[in-house]
Amino acid sequence: MFNLLSVVWNPELELFRLFGLPVRYYSLMWCIGLVAAYFLVRKFFKDRKISDDTFEPLFVYCFLGILIGARVGHCIFYQPDYYLTSFEHFIEMLLPIAFTPDGVKMVGYAGLRPTIEAIKAKKTIALANKETLVVAGEIICRLAQRHKVNILPVDSEHSAIFQSLVGEKSDSIEKLLLTASGGPFRTFSYEQMQHVTAAQALQHPNWEMGAKITIDSASMMNKGFEVIEARWLFDIPVDKIQVLVHPQSVVHSAVQFVDGSVKAQLGTPDMRIPIQYALTYPQRWLSDVPRLDFFANNQLTFEEPDLQRFPNLALAYEAMNQGGNMPCILNAANEVVNQLFREGKCGFLQMSDIISQTMQKATFITQPTYEDYVQTDNEARKIAMKLLKL
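Computed from a prediction, not measured in an experiment: that's the story for all the values here.

A closer look at the packing of aromatic side chains
- In total, this model carries six aromatic pairs according to the counting rule given.
- Between Phe162 and Tyr277, the aromatic rings sit 6.2 Å apart at their centres with planes inclined by 65°, giving edge-to-face as the arrangement. Taken as a pair, Phe162 in helix H8 (residues 156-165) and Tyr277 in helix H13 (residues 272-280) lie far apart in primary sequence, 115 residues in all. Across this residue pair, the class does not change: Phe162 and Tyr277 are buried.
- These aromatic residues form a ring-pair network of at least three members: Phe185, Phe188, Phe341 and Phe348.
- Between the NZ or CZ atom of Arg113 and the centre of the ring of Tyr370, over which it lies, the distance is 4.9 Å.
- The ring centre of Trp232 lies 4.0 Å from the NZ or CZ of Arg231, which sits over that ring.

In structure tokens:
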């Protein structure tokens, strides 16, 4: 739920959680408090025979003054080197929007800066924007550690892993098993895939998602991004993350432990489950999501991904193994070709070629800063556009 006030102070939210009250009532608490303050102050003014015409605008101005003053004070105290360096940053300081807990659900690279700001404001992050960790996972995780902020996964696969790891020690993990549906072209031959259209790619067999992520799922770039996201979320080397194509989308992901046992999270392919778990963790709330019918889903199959037909997955592993700003280059090029494929300006198989060439041409930086990521994103997009002659 959107809550402008939650960006100003964090302690009262922690107290709210400490007493075990559901966080969905947090905004309601603010509303009740504001209404109570209004009537108490109004009574104070009436006792002194001050008219409503004078009181009401004064109350609004005082409230806004306190809100803006607290926001400005917080930003200048914690981040003077950012907010006081340019007029643009100063204006950004005055226009905060937050979630309770902060739910980062913007699509693509655009989610990076809001996530950084939410972490600096010490907000618990419910992360639905995987590109944030793909682009700058090292910076995000280091920042979260410094500010002691929890990042809770919203992606169904990472939520499944997160749930499977509850109560387990990190040194007991042998492997993460990341499942993938295979998308609409799982059974297509290479020749057939040369002629597929955006309309076909947008027909996902199991999930209802936005256009960008549905195309990424069809090309398996989405799964590549999820491998990188899992590496940062769970601090696991990439070579210990295995992708399994699971067409039924019932096993959302699993963890294999050093004793040979495997824990998995199963359920219907419904995003309401992982979203609710992230927002209510560590509690589980009653939901009206359809229950998994084991008799109707009595065949669960698993396949090895075909990297010849879906090279984007291999490119994601390659980018992560190279490290530095290479995942940022990967993401920027993918955002370009994804959009152009939907517009009919790029072929389905051509997307992988453009991404690969962009990775080869873009400037590689071993230890990038945030500013380097901004520059890399801009450079990679220009290279991808140039390769497509647009």
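Topic: the packing of helix H7 (residues 130-146) against helix H15 (residues 326-342)
- In contact at an axis separation of 7 Å, H7 and H15 are set at 135° when each is read in the N-to-C sense. On the basis of the axis angle, H7 is oblique to H15. For the pair formed by H7 and H15, the contact residues are Glu131, Val134 and Val135 on the first element and Pro327, Cys328, Asn331 and Glu335 on the second.
- Along the lines of polarity and charge, the residues of the contact of H7 with H15 split into four nonpolar, one polar and two charged.

Details of empty space enclosed by the protein
- Applying the stated criterion across every chain, the model contains two cavities of 30 Å³ or more.
- What the largest cavity holds in volume is close to 50 Å³.
- Along the walls of the largest cavity sit Ser156, Ser159, Gln163, Trp207, His252, Gln265, Gly267, Thr268, Asp270, Ile273 and Pro274, which together make up its complete lining.
- Broken down by secondary-structure element, the contributors of at least two residues to the lining of the largest cavity are H8 and H13.
- A breakdown of the residues in the lining of the largest cavity according to their chemical character gives three nonpolar, seven polar and one charged.
- Of the pockets and cavities examined, the second largest cavity occupies roughly 40 Å³.
- If you trace the second largest cavity, you find it lined by Ser219, Arg309, Phe310, Pro311, Asn312, Phe348, Leu349 and Ser352.

Focus: the packing of helix H16 (residues 350-361) against helix H17 (residues 370-387)
- Direction vectors running N to C along H16 and H17 enclose 130°, while the axes themselves pass 9 Å from each other. By the angle between their axes, H16 is oblique relative to H17. For H16 against H17, the interelement crossing comes out right-handed. Counting all contacts with H16, which are made through Ile354, Gln357, Thr358 and Lys361, the residues of H17 involved are Glu379, Ala380, Ile383, Ala384 and Leu387.
- When its residues are assigned to classes, the contact of H16 with H17 shows five nonpolar, two polar and two charged.

Examining the side chain of Asn312
- Considering the arrangement of structural elements, one finds Asn312 in helix H14 (residues 311-322).
- Beyond its immediate sequence surroundings of up to four residues, Asn312 is in contact with Ser219, Met220, Met221, Ser352 and Ile355.

Regarding the layout of surface pockets
- Considered as a void within the structure, the second largest pocket measures approximately 640 Å³ in volume.
- Around the second largest pocket, the lining is made up of 23 residues, and of these Ile151, Trp232, Leu233, Phe234 and Asp235 lie nearest the centre.
- Contributions of two or more residues to the lining of the second largest pocket are made by H7, strand E3 (151-153), H8 and helix H12 (221-233).
- With four residues, the single largest contributor to the lining of the second largest pocket is H7.
- Grouping the constituent residues of the lining of the second largest pocket by class yields 14 nonpolar, three polar and six charged.

Focus: unusual backbone geometry
- Cis geometry is adopted by the peptide bond preceding Pro282, which originates at Tyr281 and carries an omega value of 10°.
- Residues other than glycine seldom take positive phi values, yet Lys122 does so here, at roughly 60°.
- Topologically, Lys122 is positioned in the loop between helix H6 (112-120) and strand E2 (125-127).
- Positive phi, close to 55°, is recorded for Lys148, a residue that is not glycine.
- Turning to its location among the elements, Lys148 is positioned in the loop between H7 and E3.

Description of the environment of Gly182
- Here Gly182 shows up in the loop between strand E4 (173-180) and helix H9 (190-193).
- Sequence separation between Gly182 and Lys223 is 41 residues; the distance between their C-alpha atoms is 9.3 Å.
- Leave out the neighbours within four places in its chain, and Gly182 touches Val245 and Phe310.

What counts, and at which threshold
Residues numbered from 1 in each chain as written. Predicted model: local features only at pLDDT ≥ 70, side-chain atom pairs only at ≥ 80, totals over all residues. Heavy atoms only, no water. Phe/Tyr/Trp six-rings, centres within 6.5 Å; stacked < 30°, edge-to-face > 60°. Helix = DSSP H or I, 4+ residues; strand = E, 2+ residues; numbered from the N terminus. Buried < 20%, exposed > 50% of the residue type's maximum accessible area, 1.4 Å probe, protein only. Lys NZ or Arg CZ within 6 Å of the ring centre and 35° of its normal. Axes fitted to C-alpha atoms, helices over the stretch in contact; angles between N-to-C directions. Parallel < 35°, antiparallel > 145°, perpendicular 65-115°, else oblique. Contact = heavy atoms within 4.5 Å. Nonpolar A, V, L, I, M, F, W, Y, C, P; charged D, E, K, R; others polar. 1 Å grid on protein atoms, 1.4 Å probe; cavity = no way out; pocket = protein on both sides within 12 Å on 5 of 7 lines; lining within 4 Å. Points joined across faces, edges and corners; volume = space filled by probe spheres on them. Left-handed = near helix turned anticlockwise from the far one by under 90°.

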